[in-house]
Amino acid sequence: DTAVSQTPKYLVTQMGNDKSIKCEQNLGHDTMYWYKQDSKKFLKIMFSYNNKELIINETVPNRFSPKSPDKAHLNLHINSLELGDSAVYFCASSQDRRGANTGELFFGEGSRLTVL
Amino acid sequence: ILNVEQSPQSLHVQEGDSTNFTCSSPSSNFYALHWYRWETAKSPEALFVMTLNGDEKKKGRISATLNTKEGYSYLYIKGSQPEDSATYLCAFQRGSSGSARQLTFGSGTQLTVLP
């Protein structure tokens, strides 16, 4: 039973299209994240939600919009896709423990987006 | 934490060898240090989270140490096995709450253990 699952795993689309990547976690965690793996293989934080509230919003084009309908889901919607958006996007979750906020991240398997 | 450096970038060792890699940050101002193991075609999995200077954590043949004063951590693998082949990522956590909880990742050390 996958703890953090993302769909789709692969997405090939044309420039200018709008697409979404969905993420669900069944771990009961209260914090979810979207990371982008850049061309140098670094994982860069994009967004973080805690109990459906946005707490981290890094310098990301406003074409990227996260949506958290509930604690277990954090979806990523991308408008007007550009070539540079091609990357692997990882969803993750963690439990924000009171007094010991070092909860490790649990990652999904990634969604590879290719923009043509 | 602007830049997390991991060295070496890649490493090939023979089965049975012991090895270690480094994770460092130019800033010693951080709350925690995470290590993750990332096998090809899978997702990163947490190995350790450390906060205290001098902390040492162990999981089987893998252990890690942390020096908060100088901003570095070592990961050690004793008696490497082919199944240890993976990319080992470290990440610094700036603070304990809110946006400071975000992790800044290094690009990883890619370990290949040859049988």
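Summarised in this report is the structure supplied together with it. All figures in this text were calculated on a predicted structure; none of them were measured in a lab. (Residues numbered from 1 in each chain as written. Chains lettered and ligands numbered in written order. Predicted model: local features only at pLDDT ≥ 70, side-chain atom pairs only at ≥ 80, totals over all residues. Heavy atoms only, no water.)

## A few points about the interface of chain B and chain A
Tallying the contact residues gives 23 residues for chain B and 24 residues for chain A. Interface area for chain B against chain A, summed over the two sides, is near 1800 Å², with a carbon-plus-sulfur share of 59%. Taken together, the connections running from chain B to chain A amount to zero salt bridges. The interface formed by chain B and chain A holds two residue pairs in polar contact (both at pLDDT 80 or more) in total. Of all the secondary-structure elements, those providing two or more residues to the side of chain B that touches chain A are β4 (32–38), β5 (45–50), β9 (86–93) and β10 (103–105) of chain B. Counting residues per element, the side of chain B that touches chain A draws most heavily on β4(B), at four residues. Tallied by class, the residues present in the side of chain B that touches chain A amount to 11 nonpolar, 11 polar and one charged. (Contact = heavy atoms within 4.5 Å. Buried area = accessible area lost by both parts, 1.4 Å probe. Salt bridge = Lys/Arg side-chain N within 4 Å of Asp/Glu carboxyl O. Polar contact = N/O pair within 3.5 Å; in protein donor to acceptor, adjacent residues only side chain to side chain. Helix = DSSP H or I, 4+ residues; strand = E, 2+ residues; numbered from the N terminus. Nonpolar A, V, L, I, M, F, W, Y, C, P; charged D, E, K, R; others polar.)

## Considerations on the nonpolar core
Core analysis: the biggest nonpolar cluster contains 22 residues, and B:Phe21, B:Leu33, B:Trp35, B:Leu75, B:Tyr88 and B:Leu111 have the highest contact counts within it. Looking at this core, the elements that each hand over two or more residues are β2 (10–14), β3 (19–24), β4, β5, β7 (62–67), β8 (72–77), β9 and β11 (109–114) of chain B. The element that contributes the greatest number of residues to this core is β9(B), accounting for four residues. Dropping the residues within four chain positions of it, B:Leu75 is found in contact with B:Thr19, B:Asn20, B:Phe21, B:Trp35, B:Leu47, B:Phe48, B:Ile62, B:Ser63, B:Ala64 and B:Tyr88. Counting 19 residues, the second largest nonpolar core, distinct from the first, contains A:Ile21, A:Phe64, A:Leu76 and A:Cys91. (Core = buried A, V, L, I, M, F, W, Y, C linked by side-chain atoms within 4.5 Å. Buried < 20%, exposed > 50% of the residue type's maximum accessible area, 1.4 Å probe, protein only.)

By themselves these figures say nothing about function.
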